[in-house]
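Residue strings, one per chain:
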Amino acid sequence: MFRGLALLPLCFVVCLTQTPGWDLLFGTSILNETQQYPIKFDNPIPSWIKGSLIRNGPARYEMGKRSFLNLFDGYGKLYSWQFPGNGSAFFTTKFVQSLSYNESRKLNDIAPYQTFDDLVPPMNFFEKELALRNGLDNMNINVYNFSGDCVILSDTWKLYVVDCFTLDTIRPTTPNIPGVQTGFPYISIMSVAHPVREYGTNYHLTILQSLNILPDMPHKFTLVRSKSADIREKIAEWEVKKMPYLHSFSTTEHYAIIFGCPFYIDILKMLRYSLPKDSIEFHKDEPTVTYVIDLKTSKVTTIENENIFTMHHVNAFEEDENTLFLDVASYPDASLVTFFEMDNLMNATKRNELTFKPSLRRYRIDLKANKMTPTSFDINPKLPFVNMLEVPTINENYRSKQYCYIYGVVFKSDNKLWGNFSFVKKDVCNSSGDLSWSIPGHYPMEGWFVPHPNGSSEDDGVLMVPVLDGNLGKSYLIMLDPKTMKPITKSYVPFTVPFHFHGRFFENVF
Ligand SMILES: [Fe+2]
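Calculation notes
- Residues numbered from 1 in each chain as written.
- Predicted model: local features only at pLDDT ≥ 70, side-chain atom pairs only at ≥ 80, totals over all residues.
- Helix = DSSP H or I, 4+ residues; strand = E, 2+ residues; numbered from the N terminus.
- Rg over C-alpha atoms; globule rule 2.2 N^0.38 Å.
- Buried ≥ 20, exposed ≤ 12 C-beta atoms within 10 Å, placed from the backbone.
- Contact = placed C-beta atoms within 7 Å.
- Core = buried A, V, L, I, M, F, W, Y, C linked by C-beta atoms within 7 Å.
- Pairing = 2+ DSSP bridges.
- Axes fitted to C-alpha atoms, helices over the stretch in contact; angles between N-to-C directions.
- Arc of directions from axis to C-beta.
- pLDDT = per-residue confidence, 0-100.

A. Looking closely at the overall build of the protein chain. Within the protein chain, the secondary structure is distributed over 7 helices and 36 strands. In summary, the protein chain has a C-alpha radius of gyration of 22 Å against a globular reference of 24 Å for 510 residues, a match within 12%. With the C-alpha coordinates of the protein chain rotated into their principal frame, the extents come out at 75 × 55 × 45 Å. For the protein chain, the residues scored as buried account for 46% of the 510 residues in total. Across the protein chain, every contact between residues at least 6 apart in sequence was considered, and the portion connecting residues at least 24 apart equals 59%.

Laid out in structure tokens, this is it:
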């Protein structure tokens with residue numbers, strides 16, 4: 001009885017706030033940095049794991065007396081869990097030492113660089129003009145290995161090279177693409193934060209979006225091969241009447257697939273208001289325009305399909321030379337973007353009222369008939385929320401191939417409240433294989449599938465998932481068995497790891 005009474009205050013905190021620790025997950029600046037901090041796992045780490053899980057996301061929302069109004073604009077911070085393969089493990093975290101971050105620290109104010117949303121207090125006219133000229137510089141979305149170069153990315157053409165061993169920032173780069181015109185009348189600054197590995201190579205494919213500032217003149221897509229942090233090669237180039245915002249795309253063995261949802265960038269509004277948030281609009285009555293690019297011939301096939309929105313592609317593959325399949329996490333519109341406004345994010349009533357219902361969707365692309373047919377995946381009645389997963393990841397050995405398993409986070413497992421997070425496995429071949437892992441008050445983030453080097457099946461490996469334990473206000477990394485979604489081992493880290501976007505495992509980097 002006395003023990004029950006002693007637990008009462010904790011229950012009061014946890015039970016009354018259905019989302020304990022939410023302010024640590026989003027919106028609180030976490031300034032701590034550390035290098036090679038030894039961490040201890042509660043069970044042995046599988047001995048074949050050698051490398052580092054490196055992740056990227058916003059973690060600082062104000063400088064001096066000025067604040068960001070949108071999660072997208074928080075200063076980027078890198079996290080690394082390092083596994084030398086001898087049973088030990090280390091944790092490193094550092095802010096990205098970008099030009100904008102360093103200048104802001106010197107000024108003790110948010111320096112004038114392009115942001116997605118406005119600031120409080122806002123920049124004056126001259127600062128906004130300067131910000132437009134300085135461009136987007138805050139690389140806080142993803143991290144990649146470009147043929148040995150460790151790079152961090154946003155949805156911009158500019159990127160930063162970092163040291164993946166120390167997480168020190170090395171230099172920015174804005175690669176030139178031989179044979180591609182990027183000057184007047186184009187503004188060529190937009191790209192995707194999710195380049196895709198080219199089938200059968202160590203290169204990555206990406207996209208440059210060139211916006212034409214002349215009224216009613218066509219914009220331009222360039223499909224590009226990234227051979228390193230700095231070396232780029234043009235694969236295909238074509239004009240479009242309207243330029244969609246893009247965040248990711250897909251590849252198969254022979255094709256790249258760009259899914260241009262009608263979330264269009266208005267370049268004139270961009271020049272007038274200098275804020276992407278006020279310059280991108282979802283057009284509810286227009287089709288999605290898909291571009292299928294033949295990687296050998298550079299031929300671009302354009303197909304119109306249903307009005308829909310997606311941020312994240314899952315995977316794509318070929319059934320035969322004319323039939324492709326594309327899987328995405330879809331939404332009926334782009335209202336997801338408003339969730340990241342601090343005003344919505346930090347207010348439980350507002351965020352729970354926002355429509356947020358992602359749905360996994362598969363498209364069959366018939367290149368001969370120039371047609372795309374949407375389908376949905378079966379729902380497992382015991383785990384109906386699994387099909388609502390976001391931040392999808394797969395076993396990368398199955399990239400651009402037929403596959404069965406998607407791993408991701410369901411942010412509203414009860415379809416009502418933001419905060420009921422589950423980390424799930426979707427079996428797209430047989431929904432009876434769907435699985436889920438969750439603990440009330442714990443917030444898993446995007447996971448990464450590390451394949452077993454001698455694995456015989458697609459789900460033979462380990463899932464690494466950063467989690468914020470909202471009840472304790474502490475973060476940990478958990479390793480799950482992808483076959484069962486049961487925990488293998490976990491380790492708390494010394495500092496809070498707030499919500500962040502993406503990352504990956506770098507083999508032999510530790
Ligand atoms: Fe993303």
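After that view of the structure, there is still more to cover.
B. Local environment of the nonpolar core. The biggest cluster of nonpolar side chains holds 124 residues, and the ones touching the most others in it are Ile-257 and Met-464. At 6 residues, the largest contribution of residues to this core is made by strand β33 (residues 461–469). Setting aside chain neighbours within four positions, we find Ile-257 in contact with Phe-249, Ser-250, Thr-290, Val-292, Ala-316, Leu-324 and Leu-326. Within the second largest apolar cluster, 10 residues are counted, among which are Met-63, Phe-68, Ala-111 and Ala-131.

C. Layout of the sheet that holds strand β6 (residues 90–95). With antiparallel pairing, the 5 strands of this open sheet are ordered in space as β1-β6-β5-β2-β36. Strand pairing shows two members of the sheet lacking a second neighbour, β1 (34–38) and β36 (502–507), which therefore form its edges. Going across the sheet, the axis of each strand differs from the next one's by a mean of 20°, ignoring polarity. Strand direction decides the pairing type here: strand β2 (residues 51–60) and strand β5 (residues 75–83), joined by 9 bridges, are antiparallel. Following the sheet pairing, Pro-58 is matched in β5 by Gly-76.

D. Main features of helix α3 (residues 99–107). Burial in α3 covers these residues: Ser-100, Tyr-101 and Ser-104. Taken end-on, α3 shows its buried residues confined to a sector of 100°, consistent with a single buried face. In this structure, the buried residues of α3 make contact with β3 (62–63), β5 and β6.

E. Focus on the sheet that holds strand β10 (residues 159–162). In spatial order, the strands read β8-β9-β10-β11; together these 4 strands make up an open sheet with antiparallel pairing. The outermost strands of the open sheet, each flanked by one partner alone, are β8 (142–146) and β11 (169–173). Strand after strand, the sheet turns through a mean of 30° between neighbouring axes, direction not considered. Sheet analysis places β10 next to β11, joined by 4 bridges and oriented antiparallel. The residue of β11 that forms the bridge with Tyr-160 is Pro-172.

F. Spatial organisation of the environment of Leu-246. Relative to the helices and strands, Leu-246 resides in the loop between β16 (232–240) and β17 (250–251). Spatially, the C-alpha atom of Leu-246 lies 8.6 Å from that of Phe-263, the residues being 17 residues apart in sequence. Excluding residues within four positions of it along the chain, Leu-246 makes contact with Val-192, Ile-207, Gln-209 and Ile-258.

G. Structural detail: unusual backbone geometry. Note the cis peptide between Val-120 and Pro-121, where omega equals -10°. Along the chain, the position of Pro-121 falls in the loop between β7 (119–120) and α4 (125–134). In the segment running from Phe-184 into Pro-185, the intervening peptide bond is cis, with an omega of 10°. Looking at where Pro-185 falls in the secondary structure, it is placed in the loop between β11 and β12 (186–190). For Ser-298, which is not glycine, the phi torsion reads 70° and is therefore positive. As for its placement among the helices and strands, Ser-298 is situated in the loop between β21 (288–294) and β22 (300–305). Positive phi, close to 65°, is recorded for Ser-400, a residue that is not glycine. Owing to 21 C-beta atoms within 10 Å, Ser-400 belongs among the buried residues under this scheme.

H. Broad picture of the environment of Gly-419. Counting through the fold element by element, Gly-419 comes out in the loop between β28 (405–410) and β29 (422–427). Along the chain, Gly-419 and Pro-440 lie 21 residues apart, while their C-alpha atoms are 8.8 Å from each other. Those residues in contact with Gly-419 that lie beyond four places of it in its chain are Gln-18, Thr-19 and Trp-22.

I. Structural view of the confidence of the model for the protein chain. Confidence in the prediction for the protein chain averages 94 pLDDT; 97% of positions are at 70 or higher. Low pLDDT, under 50, characterises residues 1–16; the predicted model gives this stretch 4 contacts beyond four residues in sequence or across chains.

J. Inspection of the pairing of strand β15 (residues 219–226) at higher detail. For β15, a buried count of 7 out of 8 residues is recorded, marking the element as mostly surrounded by other parts of the structure. Pairing geometry for strand β14 (residues 204–212) and β15, over 7 bridges, is antiparallel. Note on β15: the bridge partner recorded for Thr-206 is Val-224. Counting the residues between successive antiparallel strands, the hairpin from β14 to β15 contains 6 residues, one of them, Asp-216, with a positive phi of roughly 65°. Looking at chain direction, β15 and β16 are connected through 8 bridges and run antiparallel. Within β16, the position partnered with Lys-220 by the bridge is Glu-239.

K. Geometry of the environment of Trp-157. In this fold, Trp-157 is placed in the loop between β9 (149–153) and β10. Once the C-alpha coordinates of Trp-157 and Leu-208 are considered, the two residues, 51 residues apart in sequence, prove to be 6.7 Å apart. Those residues within four positions of Trp-157 in sequence are excluded, and the remaining contacts are Thr-174, Ser-188, Ile-189, Met-190, Ser-191 and Leu-208.

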